[in-house]
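Chains, contacts and geometry: an overview
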Amino acid sequence: MEDLTNIPQFTINLFGINLVFNTETLIMTWIVMLLLILFGFLATRKISFIPNPFQVVAELFVQTFYDLTKDALDEKMVKKYFPLICSLFMFLLLSNWLGILPKLSEPTKDLNTTLGLGVMGFFIAHHAGIKKKGFKVYAKAYFEPIFFMAPLNIIGELAKVVSISFRLYGNILGGAIIILVVSHLIYSLVLPPFLILFFSLFIGTIQAFVFTMLTLVYISVQVK
Amino acid sequence: MLSNIVTITNLASYAGAGLCIGLGAIGAALGEGYTAGLANHAISQKSKKSGDIIKNMLVGQAIAETAAIFALVIAILLLFVKMPSTSILKAAALFGAGICMGFGAIGSGVGSGFPGGEACLGIARQPVMAGRLTTNMLIGSAVCQTPAIFSMVVALMLMFMDFSKMPVSPTWAALIGAGISTGLAAIGSGFGGGKAAGASCEGIARQPESIAQVTTTMLVGQAVSQTPAIFGLLVSFILMFKTFPEAVALNASMALLGAGICMGFGGVGPGIGNGLTAESAVRWVSRNMRATGELTRIMLVGQAVSQSTAIYAMVISLVLIFVV
């Protein structure tokens, strides 16, 4: 039960500012990135008409997310934003699944990861909006329907970041805590594999998809 | 017995955990039942598509379950995490966290059931659109989960922030008030957002070409119906972060508690009302795509009027915080 509050950290003092790093999250994020790079390498090494297994999986991801992006954005922007959307999903999927391996844990269990990705999505969406519509039209949207709604609209935009990142964080952390507590109570007999099946694989996949789709929707709302 | 501070803190965290998961289980169960019911209806209409419908039902129920999972996480944290300091203030904060997450999960749990059920019916009606319907359902029910997430944020802050430098006497009431404010205000917004998402799934099944307009109208409508929950969140933040002067008399404490209760109950009605407006607007956008602009405008005006009652509640609670 001590695992719940124990977060491995190391601190670097840089010009009087303490920089705190969550070691476990960093290592797990690097593992996910290395696995993805390896996957990308294997999938594109020998591209052929008769694909190897990795190429099949990669084509599946690319095709699915290309179609989804095409539904939400127009032709010119699809080219630009589809790589982001597809790789965001692959990163999140692998991150959420990482906990099924012993000794490893999900980097998305840490609020810093999800909040970072949420803030990234926020800036990309607003940058896309300003670029597409021009700053004047973009800023005018905050004064709809009536001018004094502006503070509320701004809070609403910031609340989107909070909700998207806490949704992923809460779900993944929740799954991890439930698996931990139940395993502790029943001495890891029988039940944990099924819990992992449900929380890591099923909920993890759905939440990765939801996060990706919401990022895409936020971009498409800004550019319309 | 109760004079012992540790006992009081334990009492608060156990009572908070019980309320949290007890209340939090209500909504998700209702929502999942609704989804399963409509899935049965859908299968009876088109039994050949039962595989797609069951898959969609399970995904929808998993999303609706999220609200209850949040409540379970907070309850487990309340039970097992040892707090570094024990004081009356910490006890109040823990109890407030339990109430906040418990009430906050009700609305979103019920609400996320609507899109799940309507998407099942939609697949029976328009089997070609199964993939699009599931995607739309996921987006809609994820957005209607936002109020529950606000409650979780407030609950986590109440549990882990350090209040020990604040004066005990009015702050204990402020912390419980902060929990009540977001928790109750989230009920209406979660329910309302779910209504809008449900109508969008029905609309896409009815008129597949209208998918872009329907999704946009749904998101706008849900964003506006989330405003009462954001009011609740604002009042909670003010109650948590403002340092109140020490006051031994009870009236200052009661004013702060009243501020939370006022904003909490005041947010329930407007949240549901705005959701109903958004539901109808989305439904009619799908039937008459050309009138999308006009329908959206009327929806926003109507929602602004029905939101005025939430603004009254917020004004009164701000008066209670800053003036009384």
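Small disclaimer: the values here were computed from a predicted structure and weren't measured.

As for the environment of Ile-203 of chain A
- Looking at where Ile-203 of chain A falls in the secondary structure, it is placed in helix H7 (residues 191–223).
- If near-sequence neighbours (up to four positions away) are discounted, Ile-203 of chain A is found in contact with Asn-171 and Phe-198 of chain A together with Ala-62 of chain B.

Quick notes on the pairing of strand S1 (residues 9–14) of chain A
- The sheet contact formed by S1 of chain A and strand S2 (residues 17–22) of chain A spans six bridges and is antiparallel. Bridge assignment links Ile-12 of chain A to a residue of S2 of chain A, and that residue is Leu-19 of chain A.

Concerning empty space enclosed by the protein
Residue and element names in this part refer to chain A.
- Applying the stated criterion across every chain yields a total of two cavities of 30 Å³ or more.
- Where the lining of the largest cavity is concerned, the elements lending two or more residues are helix H4 (111–133), helix H6 (150–185) and H7.
- Counted by class, the lining of the largest cavity contains seven nonpolar, five polar and two charged residues.
- As a volume, the second largest cavity reaches approximately 50 Å³.
- Lining the second largest cavity, in full, are Asn-96, Glu-106, Asn-171, Ile-172, Gly-175, Ala-176, Ile-179, Phe-199 and Ser-200.
- Breaking the lining of the second largest cavity down by element, the ones donating at least two residues are H6 and H7.
- If one sorts the elements of the lining of the second largest cavity by residue count, H6 sits on top with five residues.
- The residue inventory of the lining of the second largest cavity, partitioned by class, reads four nonpolar, four polar and one charged.

Focus on helix H2 (residues 50–80) of chain B
- For H2 of chain B, built from 31 residues, the straight-helix expectation of 45 Å at 1.5 Å per residue is met to within 8% by its first-to-last C-alpha distance of 43 Å.
- Within H2 of chain B, the axis deviates most sharply at Ala-67 of chain B, by approximately 35 degrees.

Some points on the pattern of salt bridges
- The tally for this structure, following the rule as stated, stands at eight salt bridges over all chains.
- Put simply, Lys-132 of chain A and Asp-74 of chain A hold a salt bridge, and the shortest N to O gap is 3.7 Å. Taken together, the positions of Lys-132 of chain A in helix H4 and Asp-74 of chain A in the loop between helix H2 (53–72) and helix H3 (75–97) put the pair 58 residues apart, joining distant regions of the chain.
- In this structure Asp-74 of chain A comes out as partly exposed when scored by relative accessible area, which is 38%.
- As a salt-bridge pair, Glu-279 of chain B and Arg-283 of chain B come within 3.4 Å of each other at their nearest N and O atoms. Of this pair, Glu-279 of chain B and Arg-283 of chain B both sit in helix H9 (residues 250–287), four residues apart, which is roughly one turn of that helix.
- Judged by relative accessible area, which is 12%, Glu-279 of chain B ranks as buried.
- Judged by its relative accessible area of 24%, Arg-283 of chain B is partly exposed.
- Each of Glu-202, Arg-206, Glu-279, Arg-283 and Arg-287 of chain B takes part in a single network of salt bridges with overlapping partners.

Considering the packing of aromatic side chains
- According to the stated counting rule, one finds 15 aromatic pairs over all chains in the structure shown.
- Look at Phe-166 of chain A and Tyr-169 of chain A: their rings are 5.9 Å apart centre to centre, the planes differ by 90 degrees, and that puts the pair in the edge-to-face class. Here the residue Phe-166 of chain A and the residue Tyr-169 of chain A both occupy positions in helix H6, the gap between them amounting to three residues, near one helical turn.
- For Tyr-169 of chain A, a relative accessible area of 13% corresponds to the buried category.
- Centroid distance Tyr-34 of chain B to Phe-114 of chain B: 5.0 Å. Interplanar angle 80 degrees. Geometry classified as edge-to-face. You can see Tyr-34 of chain B sitting in helix H1 (residues 5–45) and its partner Phe-114 of chain B sitting in helix H3 (residues 88–125), a full 80 residues away along the chain.
- Overall, Phe-114 of chain B belongs to the buried group, its relative accessible area being 11%.
- Each member of the aromatic cluster is reached from another via a ring pair, and the members are Phe-61, Phe-65, Phe-89 and Phe-209 of chain A.
- Between the NZ or CZ atom of Lys-195 of chain B and the centre of the ring of Phe-114 of chain B, over which it lies, the distance is 4.5 Å.
- The ring of Trp-284 of chain B has Arg-287 of chain B sitting right over it, with the charged end atom 5.1 Å from the ring centre.

Quick notes on the interface of chain B and chain A
- If you look at the interface, chain B gives 31 residues, while chain A gives 31 residues.
- Between chain B and chain A, the buried area comes to about 2800 Å², and carbon and sulfur atoms account for 87% of it.
- Contact with chain A buries area across many residues of chain B, yet Ile-69, Phe-80 and Ile-149 of chain B alone supply 15% of it, more than any other trio.
- At the junction of chain B and chain A, the tally comes to one salt bridge.
- In this structure, Arg-132 of chain B and Asp-71 of chain A form a salt bridge, with 2.9 Å as the shortest nitrogen-oxygen distance.
- Those elements that place two or more of their residues in the side of chain B that touches chain A are H2, helix H4 (130–143), helix H5 (146–160) and helix H8 (227–241) of chain B.
- Among the elements that line the side of chain B that touches chain A, the one with the most residues is H2 of chain B, at 12 residues.
- A per-class count over the side of chain B that touches chain A returns 25 nonpolar, five polar and one charged.

Overview of the packing of H2 of chain A against H3 of chain A
Residue and element names in this part refer to chain A.
- Orientation of H2 relative to H3, taken along the N-to-C sense of each, is 130 degrees, at an axis distance of 9 Å. As judged from the angle between their axes, H2 and H3 are oblique. In this structure, H2 crosses over H3, and the sense of that crossing is right-handed. Across the interface between the two elements, Phe-61, Val-62, Phe-65, Tyr-66, Thr-69 and Lys-70 from H2 touch Glu-75, Val-78, Phe-82, Ile-85, Cys-86, Phe-89, Met-90 and Leu-93 from H3.
- Looking at the contact of H2 with H3, its residues break down into 11 nonpolar, one polar and two charged.

Rules and cut-offs
- Residues numbered from 1 in each chain as written.
- Chains lettered and ligands numbered in written order.
- Predicted model: local features only at pLDDT ≥ 70, side-chain atom pairs only at ≥ 80, totals over all residues.
- Heavy atoms only, no water.
- Helix = DSSP H or I, 4+ residues; strand = E, 2+ residues; numbered from the N terminus.
- Contact = heavy atoms within 4.5 Å.
- Pairing = 2+ DSSP bridges.
- 1 Å grid on protein atoms, 1.4 Å probe; cavity = no way out; pocket = protein on both sides within 12 Å on 5 of 7 lines; lining within 4 Å.
- Points joined across faces, edges and corners; volume = space filled by probe spheres on them.
- Nonpolar A, V, L, I, M, F, W, Y, C, P; charged D, E, K, R; others polar.
- Expected span 1.5 Å × (residues − 1).
- Bend = angle between axes of the 7 residues up to and from the residue.
- Salt bridge = Lys/Arg side-chain N within 4 Å of Asp/Glu carboxyl O.
- Buried < 20%, exposed > 50% of the residue type's maximum accessible area, 1.4 Å probe, protein only.
- Phe/Tyr/Trp six-rings, centres within 6.5 Å; stacked < 30°, edge-to-face > 60°.
- Lys NZ or Arg CZ within 6 Å of the ring centre and 35° of its normal.
- Buried area = accessible area lost by both parts, 1.4 Å probe.
- Axes fitted to C-alpha atoms, helices over the stretch in contact; angles between N-to-C directions.
- Parallel < 35°, antiparallel > 145°, perpendicular 65-115°, else oblique.
- Left-handed = near helix turned anticlockwise from the far one by under 90°.

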